[in-house]
Amino acid sequence: MSEARSPSDRKTLILLGNPNVGKSVLFGRITGKYATVSNYPGTTVEVSSGVSWLAGEAWRVVDTPGVNSLYPSSEDERVTRDFLLKDRPEVVLNVLDSKNLARGLMTTLELVEFGIPFVVALNLADEALDRGIVVDAAALSRCLGVPVVQTVATTGEGMADLKRAVERATVATVSGSATPEIRRSLEILDPLFAKGFPGTRAVQLALLAGDDTVLTWVGAGSAPGIGEDVLYKAGQTERSRFARPPRQILFEGREGRVREICAEVVTVRGKLAPRISQRLGVWALRPWPGFLIAGIVLFAVYQFVGVFGAGTAVNFLEGTVFGKWITPGATWVVEKVLPWEFFRDILVGPYGVIRMAFSYAFALILPIVATFFIAFGLLEDSGYLPRLSVLLDRVFRLMGLNGRAVLPMILGLGCDTMATMTTRILDTKKERIIVTLLLALTVPCSAQLAVILGMAAGLSPKVLGVWLFVLVGTTLATGWAASKILPGARSTFLMEIPPIRRPLFRNIWMKMQVRLAWYLKEVVPLFVYGTLALFFMDRWGLLKMAERGFAPVVQSWLGLPAQATEAFLIGFLRRDYGAAGLYSIQKAGFLDFRQVTVSLVLITLFMPCVAQWLMMFKERGWKGALTITVAVLVVALGIAGVLNRLLLLFPFLVS
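Residues numbered from 1 in each chain as written. Predicted model: local features only at pLDDT ≥ 70, side-chain atom pairs only at ≥ 80, totals over all residues. Heavy atoms only, no water.

**Here we look at the environment of Pro-287**
Step number 1: Assignment of secondary structure puts Pro-287 in helix α12 (residues 287-337).
Step number 2: On the accessibility criterion, Pro-287 (59% relative accessible area) is exposed.
Step number 3: Between the C-alpha atom of Pro-287 and that of Val-390, which follows or precedes it by 103 residues, the distance is 9.8 Å. (Helix = DSSP H or I, 4+ residues; strand = E, 2+ residues; numbered from the N terminus. Buried < 20%, exposed > 50% of the residue type's maximum accessible area, 1.4 Å probe, protein only.)

**Considering helix α8 (residues 200-208)**
Step number 1: For α8, a buried count of eight out of nine residues is recorded, marking the element as mostly surrounded by other parts of the structure.
Step number 2: By the burial criterion, the buried members of α8 are Thr-200, Ala-202, Val-203, Gln-204, Leu-205, Ala-206, Leu-207 and Leu-208.
Step number 3: On its buried face, α8 is in contact with α2 (75-87), α7 (180-189), α9 (228-240) and α10 (246-265).
Step number 4: Of the residues flanking the end of α8, it is Gly-210, one or two places downstream, whose phi is positive at about 85°. (Contact = heavy atoms within 4.5 Å.)

**Brief notes about the packing of aromatic side chains**
Aromatic ring pairs are described here by two measures, namely the spacing of the ring centres and the angle between the planes.
Step number 1: Within this structure, the stated rule accounts for nine aromatic pairs.
Step number 2: Aromatic side chains Phe-342 and Phe-535 sit 5.6 Å apart centroid to centroid with 70° between the ring planes, which places their arrangement in the edge-to-face category. Linking Phe-342 in helix α13 (residues 341-348) with Phe-535 in helix α22 (residues 505-539), this pair joins segments that are 193 residues apart in sequence.
Step number 3: Here Phe-535 falls in the buried class, since its relative accessible area comes to 5%.
Step number 4: Note on Phe-535 and Phe-536: the rings are 5.2 Å apart at their centroids and 85° apart in plane angle, and the pair reads as edge-to-face. (Phe/Tyr/Trp six-rings, centres within 6.5 Å; stacked < 30°, edge-to-face > 60°.)

**Focus: the environment of Phe-358**
Step number 1: Inspection of the secondary structure assignment puts Phe-358 in helix α14 (residues 353-382).
Step number 2: Judged by relative accessible area, Phe-358 falls into the partly exposed class, the value being 31%.
Step number 3: In this structure, the C-alpha to C-alpha distance between Phe-358 and Glu-255, residues 103 residues apart in sequence, is 60 Å.
Step number 4: Not counting residues up to four positions away in its chain, the partners in contact with Phe-358 are Phe-322, Val-353, Ala-363 and Val-528.

**What about the sheet that holds strand β1 (residues 11-17)?**
Step number 1: Strands sit in the order β2-β3-β1-β4-β5-β7 across an open sheet of six strands; the sheet is mixed. Bordering the open sheet on either side are β2 (48-54) and β7 (148-150), each of which pairs with just one other strand. In this sheet, neighbouring strand axes are inclined to one another by 25° on average, regardless of whether the strands run parallel or antiparallel.
Step number 2: Sheet analysis places β2 next to strand β3 (residues 57-63), joined by seven bridges and oriented antiparallel. Bridging across to β3, Val-51 finds its partner in Arg-60. (Pairing = 2+ DSSP bridges. Axes fitted to C-alpha atoms, helices over the stretch in contact; angles between N-to-C directions.)

**Some details on the pattern of salt bridges**
Step number 1: Using the criterion set out here, one finds 16 salt bridges in the structure.
Step number 2: When the shortest N-O distance is used, the salt bridge between Glu-57 and Lys-11 registers 3.5 Å. Here Lys-11 lies in strand β1 and Glu-57 lies in strand β3, a separation of 46 residues in the sequence.
Step number 3: Residue Asp-82 is joined to Arg-81 by a salt bridge in which the shortest nitrogen-to-oxygen separation is 2.9 Å.
Step number 4: Connected via shared salt-bridge partners are Arg-78, Arg-81, Asp-82 and Asp-211. (Salt bridge = Lys/Arg side-chain N within 4 Å of Asp/Glu carboxyl O.)

**Thoughts on a nonpolar patch on the surface**
Step number 1: Among the surface-exposed residues, Val-642, Leu-646, Leu-649, Phe-650, Phe-652 and Leu-653 lie close enough to one another that they form a single nonpolar patch of about 560 Å² accessible area.
Step number 2: Positionally, Phe-650 belongs in the segment after α27 (610-649).
Step number 3: With relative accessibility at 38%, the residue Phe-650 sits in the partly exposed group. (Patch = residues over 30% accessible without salt bridge, like charges linked within 9 Å, V, L, I, M, F, W, Y side chains within 5 Å. Areas by Shrake-Rupley, 256 points an atom, 1.4 Å probe, with all protein chains shown as cover.)

**Brief notes about the environment of Phe-308**
Step number 1: Relative to the helices and strands, Phe-308 is located in helix α12.
Step number 2: On a C-alpha basis, the gap between Phe-308 and Gly-56 in space is 51 Å, while along the polypeptide they are 252 residues apart.
Step number 3: Apart from the residues lying within four places of it in its own chain, the contact partners of Phe-308 are Gln-303, Ala-313 and Thr-371.

**Considerations on helix α5 (residues 137-144)**
Step number 1: Considered for burial, the residues of α5 that qualify are Ala-137, Ala-139, Leu-140, Cys-143 and Leu-144. For α5, the arc enclosing every buried residue in end-on projection is 160°, short of the 170-degree limit, so these residues lie on one face.
Step number 2: Those residues of α5 that are buried lie in contact with α3 (101-112), β5 (118-123), β6 (133-135), β7 and α10.
Step number 3: Once α5 finishes, Gly-145 follows within two positions and takes phi at roughly 85°, a positive value. (Arc of directions from axis to C-beta.)

Honestly, it's all geometry; don't read function into it.
Okay, here's the thing in structure tokens:
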């Protein structure tokens, strides 16, 4: 056994491959650490790392975002390319989809140019066999000159062989894709780089392909006296010598080499009859019956979350568990133990931690978010969400976006903060700004959506219909206006559609655990802080002052009772907390149908929570974040106020 290394000296293994080929599942198998896993591309947008015992010592293992090319066209692809150039890992684990080998090998041939030892994992071998596709791993290994191991990450098949193969990783011997004219340009660029600089070939090819972002990592790799400006001009000069773009020549060279390799290693054993899941996957992509399927899916989610979670489960926890057992019991104990009124009130008073914060967090919100997490996890793992992207592509074009933007928007239904970060998968700055704006304005997070469904349950279906109509209309109008104001064009929509798969109980359970742990660690404490803030505001008379100060807006313009002010004040801390406050006011009988409808619209469009707000500053900069904040406030108050006036004139719309 080799001498133990310190964590900073550990060798590094990175997982690299196309989106949705199972990298995150392999990462979990190798490190025992859970990384978010879903059946659609774009799940991993940040580098995740863990530790594993490989080749007789502890290694640092890194999961990178999926890439379609190492000549980046999006931020997540650039993250992966930069990691190869900057960190120079000892070994790369190149994960390929066995049923779509040609696509993966295009990236493999780009990886070859980095001169880093690697191993190939032929993952999803079971799904390839289901389609009659057989890949000869030994023949592929001979073609590439590196170890190749077949794996099924979801079952763990092949993992032991894969771990043993790491110590046999080597630099690939497969011939490159450079044509004679490309090689001549590389020879001209050679003197501009220091001898022995790792990754020289990859940097030179990137310059010829017009990827000038690669200059960021050249640094000391250039020859003495050669700066970035010289390299930039040299790249331009060489590109101008070609009649056709060098990027296209390189692509065609790799494409031809990939065809040769596939012809040698891939066998298709007849055409198998499509399974029900395959037929369902095709139907979900077509307008008919695709929109019917979407309607059925949404109805099922509503029944599970809105009716069961927000109805049956909430009524039991609030009415029985908290209403009859916990709150009366805690009140009896506190009154017996604490002689000081101040401390009794802070625990079990109207704004007490037990009576209000715990009741909101565990009786009102927890059952709703738990059922939503289950429903969302099933949709994620089934592979249905990318099909929804394709189905909605035409709608998103109205907003200067394409179907790829559907994924961050849908992820926003889980958590808008994380969804704001996943806007990195979009190709242009314009698209990232528009989606960030829409996430802040019109996409409710899971807990907030769940409470909204709970408030609407049991009322006239018109209430939910008006809320949905206003939400969709605001989304389309805001997106359309932003697309006209912001400069730039919409990018091309290309997305690989994963197969429809049966969700695995283990994965759903893991996601539930991770998300509920997040809820308990990050959300519940904010409920306590928010309740304490309300407690002291009430003690010091600030709550009454705020209610009087905001009365012209809350009572006159929005037509809501004064108690709603505290829900909107605290809504900035957590939007779902604000929604829970409105839910409580409604259950107490202080809101009629019109006021419930206005409240639902306003709490949906209102300010993003603190966490999402800070993420907006990180991703869009302070100018972009402040501009979006002002826009959200103006649009939210404007639309809710106008809706209130309309419903006063036409009350039959919601009654």
